[in-house]
There are 2 protein chains.
Amino acid sequence: MRRDAVENREALLAAARIELNLDADAPLEAIAARAGLSRRSVYGHFATRDDLLRELITSGATRVAGAVAGVDHEHPVVRLALIASRLWREVEDIRVMAVFAVRGPLKGLTADALAPLRARVAEAIAEGARDGSVRGDIPVARLARLVEDAALSALAEASTDAMPGPAAHRLVMLLVLGTVGLSADAAAALIDSHPELDWS
Amino acid sequence: MRRDAVENREALLAAARIELNLDADAPLEAIAARAGLSRRSVYGHFATRDDLLRELITSGATRVAGAVAGVDHEHPVVRLALIASRLWREVEDIRVMAVFAVRGPLKGLTADALAPLRARVAEAIAEGARDGSVRGDIPVARLARLVEDAALSALAEASTDAMPGPAAHRLVMLLVLGTVGLSADAAAALIDSHPELDWS
DNA sequence: ATTATATTGCACACGACTGTGCAAGTTACG
DNA sequence: CGTAACTTGCACAGTCGTGTGCAATATAAT
């Protein structure tokens, strides 16, 4: 295998990440173009369109899983904020997976890939609901989905509006904490009192 | 014009509302089938596919505008909750428009249709930020978009999970108020202390 | 330099969907 | 009734996307 071949493969994946965020079913033509290749060449790297998507989703899932893996904290709410914080680094992958979470025949794949992350979130919420640090007026499963939505809309806002890094990072945490029941002030105080939630 | 003709026209619009929520670019075949018509007949009512969508969006926008028109209250936060409350009645239309708000070539149309509603929300937020009842750590325009997202995800949750009416109605308000800075408890208290926010 | 490896352009088959024309059928309505 | 309004089925053209075959060309690597 040649060096430029693997570079082009990466370029295709990167291009797909961008292009699929703009249009969930962007033609291969567009993806290839952004990668500086011809449509025909795509088939030298991926047998079918679905193969490309599959690779995007699974590789994305691994990165996300890695980013969230080390997260741990005794207070479930801080844990949620930490997860949100780590997620910020993986925006592109996250958004690609979000796009396919609802639509298309790949939604099963996406769901599987995101399962571990969702489990961690649900667990933290359940724990927080038990000790009173998280609202108890919404069933855990439903609240978990809503938290996911909140994080997603913060991430979307961050990347469409080209927010400066620290602001976007903080926004994601603020929204997650707000959804979980904290007031704006309480959320801000919590973030400021925990150095591990700082922008680094 | 015959009576059954206008009935079929309505049936087509209703079918489109359902089918387009399942799949944003559902084929006319599917829509026609759900309406109990043949694909060919659709063209007896709408010149093109876009005409159908246009009608859906604009008629939906008018309903929503009407629902929100009468809303007024001295406290901006209560006003936001009221808007959220009224929105709940129009879920179906809202969701169709939400689908096309992001994707598709009609997003401009949708944006225009939703403009008045967005203006009201932004205004209430700005007013609240001035008198301190709404968080001030997020720029008004951005917060308005985030509130919109929150409402949308609540509405989505409500209609996919088949929640009972009152619960869904309350959820929409809770999420909007939470996004705007209130704690879960404060939001619940506010809703309970204002009879006009009750489920009717 | 020579060779294995990649990329390209073009042609083609295939499928899904839109939009149109037209003749034959069905149904509401006066 | 009987007629005008509506629906249907089918055939067809046009568009856009995928996936493949192949010959020509460019490029990395030894």
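Residues numbered from 1 in each chain as written. Chains lettered and ligands numbered in written order. Predicted model: local features only at pLDDT ≥ 70, side-chain atom pairs only at ≥ 80, totals over all residues. Heavy atoms only, no water.

### Thoughts on the relation of the copies chain A and chain B
Then, number 1: Between the two copies, chain A and chain B, the superposition gives an RMSD of 0.2 Å; the rotation angle is 179° and the shift along the axis is 0.0 Å. Here the symmetry operator amounts to a two-fold rotation axis. When each C-alpha of chain A is compared by its distance to the rotation axis, Ser183(A) comes out closest, at 2.0 Å.
Then, number 2: When the interface residues of chain A are mapped onto chain B, 100% of them are again interface residues, pointing to one common binding face. (Least-squares fit on C-alpha atoms with pLDDT ≥ 70 in both. Contact = heavy atoms within 4.5 Å.)

### Regarding the protein's contact with DNA strand C
Then, number 1: Near DNA strand C, the surroundings consist of 21 residues, among which Arg2(A), Asn8(A), Ser41(A), Arg3(B) and Arg40(B) are the closest.
Then, number 2: Separating a phosphate oxygen of DNA strand C from a side-chain N or O atom of Ser41(A) is a distance of 2.5 Å.
Then, number 3: One of the side-chain nitrogen or oxygen atoms of His45(A) is found 3.0 Å away from a phosphate oxygen of DNA strand C.
Then, number 4: Sorting the residues of the surface near DNA strand C by element identifies α1 (3-22) and α3 (39-45) of chain A together with α1 (3-22) and α3 (39-45) of chain B as the ones contributing at least two each.
Then, number 5: Looking at the surface near DNA strand C, its residues break down into seven nonpolar, six polar and eight charged. (Near = heavy atom within 4 Å. Polar contact = N/O pair within 3.5 Å; in protein donor to acceptor, adjacent residues only side chain to side chain. Helix = DSSP H or I, 4+ residues; strand = E, 2+ residues; numbered from the N terminus. Nonpolar A, V, L, I, M, F, W, Y, C, P; charged D, E, K, R; others polar.)

### Notes on the pattern of salt bridges
Then, number 1: Within the structure shown, the criterion is met by 32 salt bridges over all chains.
Then, number 2: A salt bridge links Arg142(B) to Asp161(A), with the shortest nitrogen-to-oxygen separation between them at 3.0 Å. Here Arg142(B), found in helix α8 (residues 140-160), pairs with Asp161(A), found in the loop between α8 (140-160) and α9 (165-179), and the two come from separate chains.
Then, number 3: Residue Arg142(B) is classed as buried on the basis of its relative accessible area of 14%.
Then, number 4: The class of Asp161(A) is partly exposed, set by a relative accessible area of 37%.
Then, number 5: Across the salt bridge formed by Glu90(B) and Arg63(B), the nearest N and O atoms sit 2.7 Å from each other. Here Glu90(B) is found in the loop between α5 (76-87) and α6 (91-102), whereas its partner Arg63(B) is found in helix α4 (residues 49-69), with 27 residues between them in sequence.
Then, number 6: Since its relative accessible area comes to 44%, Arg63(B) is described here as partly exposed.
Then, number 7: Among the ionic contacts, a cluster of salt bridges with common partners joins Arg17(A), Arg63(A), Glu90(A) and Asp93(A). (Salt bridge = Lys/Arg side-chain N within 4 Å of Asp/Glu carboxyl O. Buried < 20%, exposed > 50% of the residue type's maximum accessible area, 1.4 Å probe, protein only.)

### Overview of α1(B)
All names here are of chain B.
Then, number 1: For α1, with 20 residues, the first-to-last C-alpha span of 29 Å sits near the 28 Å given by 1.5 Å per residue.
Then, number 2: The set of residues buried in α1 consists of Leu-12, Leu-13, Ala-15, Ala-16, Arg-17, Glu-19, Leu-20 and Asn-21.
Then, number 3: Those residues of α1 that are buried are in contact with α2 (28-34), α3, α4 and α6. (Expected span 1.5 Å × (residues − 1).)

### Some words on the domain arrangement of chain A
Residues and elements named next belong to chain A.
Then, number 1: Each assigned domain of chain A is listed with its residue range as follows: domain 1 (1-46) and domain 2 (57-197).
Then, number 2: Each of domain 1 and domain 2 was reduced to a C-alpha centroid, and the two centroids are 29 Å apart.
Then, number 3: Counting residues at the interface gives five residues for domain 1 and eight residues for domain 2.
Then, number 4: Carbon and sulfur atoms supply 51% of the area that domain 1 and domain 2 bury against each other, a total of about 650 Å² over both sides.
Then, number 5: It is Arg-17, Asn-21 and Ala-24 in domain 1 that bury the most area against domain 2; as a group they hold 76% of the surface buried on that side.
Then, number 6: At the junction of domain 1 with domain 2, the criterion picks out one salt bridge.
Then, number 7: For Asp-93, the salt bridge goes to Arg-17, with nearest N and O atoms at 3.1 Å.
Then, number 8: At the junction of domain 1 with domain 2, the criterion picks out two residue pairs in polar contact (both at pLDDT 80 or more).
Then, number 9: For the side of domain 1 that touches domain 2, the residue count by class is two nonpolar, one polar and two charged. (Domains from an automatic or database assignment. Buried area = accessible area lost by both parts, 1.4 Å probe.)

### A short note on the interface of chain A and chain B
Then, number 1: At the interface, 23 residues of chain A touch 23 residues of chain B.
Then, number 2: Overall, the association of chain A and chain B removes approximately 1,900 Å² of surface from exposure, summing both partners, and the carbon and sulfur fraction of that is 53%.
Then, number 3: Its largest share of buried area at the contact with chain B, chain A owes to Arg142(A), Leu146(A) and Glu157(A), together 24% of the area lost on that side.
Then, number 4: The tally of links between chain A and chain B comes to eight salt bridges.
Then, number 5: Among the salt bridges present, the one from Asp161(A) reaches Arg145(B), with a minimum N-O distance of 3.5 Å.
Then, number 6: Taken together, the connections running from chain A to chain B amount to eight residue pairs in polar contact (both at pLDDT 80 or more).
Then, number 7: The set of elements that each furnish at least two residues to the side of chain A that touches chain B consists of α8 and α9 of chain A.
Then, number 8: With seven residues, the top contributor of residues to the side of chain A that touches chain B is α8(A).
Then, number 9: The residue inventory of the side of chain A that touches chain B, partitioned by class, reads ten nonpolar, three polar and ten charged.

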